[in-house]
Amino acid sequence: MPRGQAKITRPDQCDAAALLNLINFCDHFSFIEQRAVREVIRHRNELMHSSEMKVSAQWMTHFHGSLDRLLLQLRHVPGIAAAAQEIQEILSVDWSVSIPGSDRVDGAQREGLEPERISHVETQLLRERLQELLLCTDGQAPPDPQDLEELGKLQDFLRSQSDLEKLFQGEFCGPLSAVQLQ
């Protein structure tokens, strides 16, 4: 796998972007319609490359459909049914944001989907985006100004949330300190 992922040997060892790129470019997955994979990649990139990470209800509907089409082609793969169910649960959540100052979880409460699970997914998404930005800026001389700007915004966001700052402490100490942010 490209971009520093050569030692990855199992799907559970890589992030969503790496797994989607493997499916897209590896001949082993030639049974999958490439358009379906590229559509999911496009949606994922639109969200992850958005500085505000905001999407419309219409965007979510299109993204959900793209994921369904891809997962349908992978239905024979062990574990996909369970992953598809988990994805369905996550996408069925009302992701509305609560009014600032109230002390409750964002979005509507849903039976069977615990706030801790939502928090875990959100943390994973932040970690994936941080790692992706670090890969983009690491080794580039000079790094792309847009990537640096987005990395700075993400870094500021993580530092503004004390719980996230503690959680991502290791990421800040290593590669982030080497990147000069303005």
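Here's a quick rundown of the structure. (Residues numbered from 1 in each chain as written. Predicted model: local features only at pLDDT ≥ 70, side-chain atom pairs only at ≥ 80, totals over all residues. Heavy atoms only, no water.)

### Notes on the side chain of Asn24
Its location among the elements puts Asn24 in helix H1 (residues 16-25). Here Asn24 falls in the buried class, since its relative accessible area comes to 9%. (Helix = DSSP H or I, 4+ residues; strand = E, 2+ residues; numbered from the N terminus. Buried < 20%, exposed > 50% of the residue type's maximum accessible area, 1.4 Å probe, protein only.)

### Some remarks on the packing of helix H3 (residues 57-73) against helix H4 (residues 80-91)
Their axes nearest at 11 Å, the elements H3 and H4 cross at an angle of 175 degrees. What the angle tells us is that H3 and H4 run roughly antiparallel. Here Met60, Phe63, His64, Leu67, Asp68 and Leu71 of H3 lie close against H4, whose contacting residues are Ile80, Ala84, Ile87, Gln88 and Leu91. Residues that form the contact of H3 with H4 fall into these classes: 8 nonpolar, 2 polar and 1 charged. (Axes fitted to C-alpha atoms, helices over the stretch in contact; angles between N-to-C directions. Parallel < 35°, antiparallel > 145°, perpendicular 65-115°, else oblique. Contact = heavy atoms within 4.5 Å. Nonpolar A, V, L, I, M, F, W, Y, C, P; charged D, E, K, R; others polar.)

### Topic: the side chain of Glu128
Topologically, Glu128 is positioned in helix H5 (residues 115-137). Buried charge without a partner: Glu128 forms no salt bridge, and the closest opposite charge is Arg44, 4.5 Å away. Each residue touching Glu128, except ones within four places of it in the same chain, is listed here: Asp15, Ala16 and Arg44. (Lys, Arg positive; Asp, Glu negative; His and termini not counted. Salt bridge = Lys/Arg side-chain N within 4 Å of Asp/Glu carboxyl O.)

### Remarks on helix H6 (residues 145-160)
For H6, which comprises 16 residues, the first-to-last C-alpha distance of 22 Å matches the rise-based estimate of 22 Å (1.5 Å per residue) to within 8%. The complete set of buried residues in H6 reads Asp147, Glu150, Leu151, Gly152, Leu154, Gln155 and Leu158. (Expected span 1.5 Å × (residues − 1).)

### Side note on the packing of H5 against H6
Packing of H5 against H6 brings their axes to within 10 Å, and their N-to-C directions diverge by 145 degrees. Like other packed secondary-structure pairs, H5 and H6 cross with a definite hand, here left-handed. For the pair H5 and H6, the contacting residues are Leu126, Arg129, Leu130, Leu133, Leu134, Cys136 and Thr137 in the first and Asp147, Leu148, Glu150, Leu151, Leu154, Phe157 and Leu158 in the second. Taken together, the residues of the contact of H5 with H6 break down into 10 nonpolar, 1 polar and 3 charged. (Left-handed = near helix turned anticlockwise from the far one by under 90°.)

### Quick word on the packing of aromatic side chains
Tallied over the full model, the rule gives 2 aromatic pairs. Taking the centre distance of 6.4 Å and the plane angle of 45 degrees together, the rings of Phe29 and Phe31 count as tilted. Judged by relative accessible area, Phe29 falls into the buried class, the value being 16%. A residue is classified by how much of its surface remains accessible, and Phe31, at 41% relative accessible area, is partly exposed. With centroids separated by 5.1 Å and ring planes inclined at 20 degrees, the aromatic side chains of Trp59 and Phe63 adopt a geometry described as stacked. Of the two residues, Trp59 and Phe63 are both situated in helix H3; the distance of 4 residues between them amounts to about one turn of the helix. (Phe/Tyr/Trp six-rings, centres within 6.5 Å; stacked < 30°, edge-to-face > 60°.)

### A few points about the nonpolar core
Counting 16 residues, the largest nonpolar core has Ile32, Val37 and Leu70 as its most contacted members. Counting only elements with at least two residues in this core, the list comes to H1, helix H2 (34-48), H3 and H4. Considering every element that reaches this core, the biggest residue donor is H3, with 5 residues. In this structure Ile32 touches Ile23, Val37, Leu70, Gln73 and Leu74, once residues within four positions along its chain are discounted. Within the second largest apolar cluster, 9 residues are counted, among which are Leu130, Leu133, Leu151 and Leu164. (Core = buried A, V, L, I, M, F, W, Y, C linked by side-chain atoms within 4.5 Å.)

### A closer look at the pattern of salt bridges
On inspection of all chains with the given rule, the structure shows 4 salt bridges. Across the pair Glu39 and Arg42 runs a salt bridge, and its minimum N-O distance is 2.5 Å. Taken together, the residues span about one helical turn, with Glu39 and Arg42 both in helix H2 at a distance of 3 residues. By relative accessible area, Arg42 is classed as partly exposed at 37%. One salt bridge in this structure joins Glu46 and Arg42, with 2.5 Å as the shortest N-O distance. Pair noted here: Glu46 and Arg42 are both in helix H2, with a separation of 4 residues, about one helical turn. Among the residues examined, Glu46 registers a relative accessible area of 36% and is labelled partly exposed.

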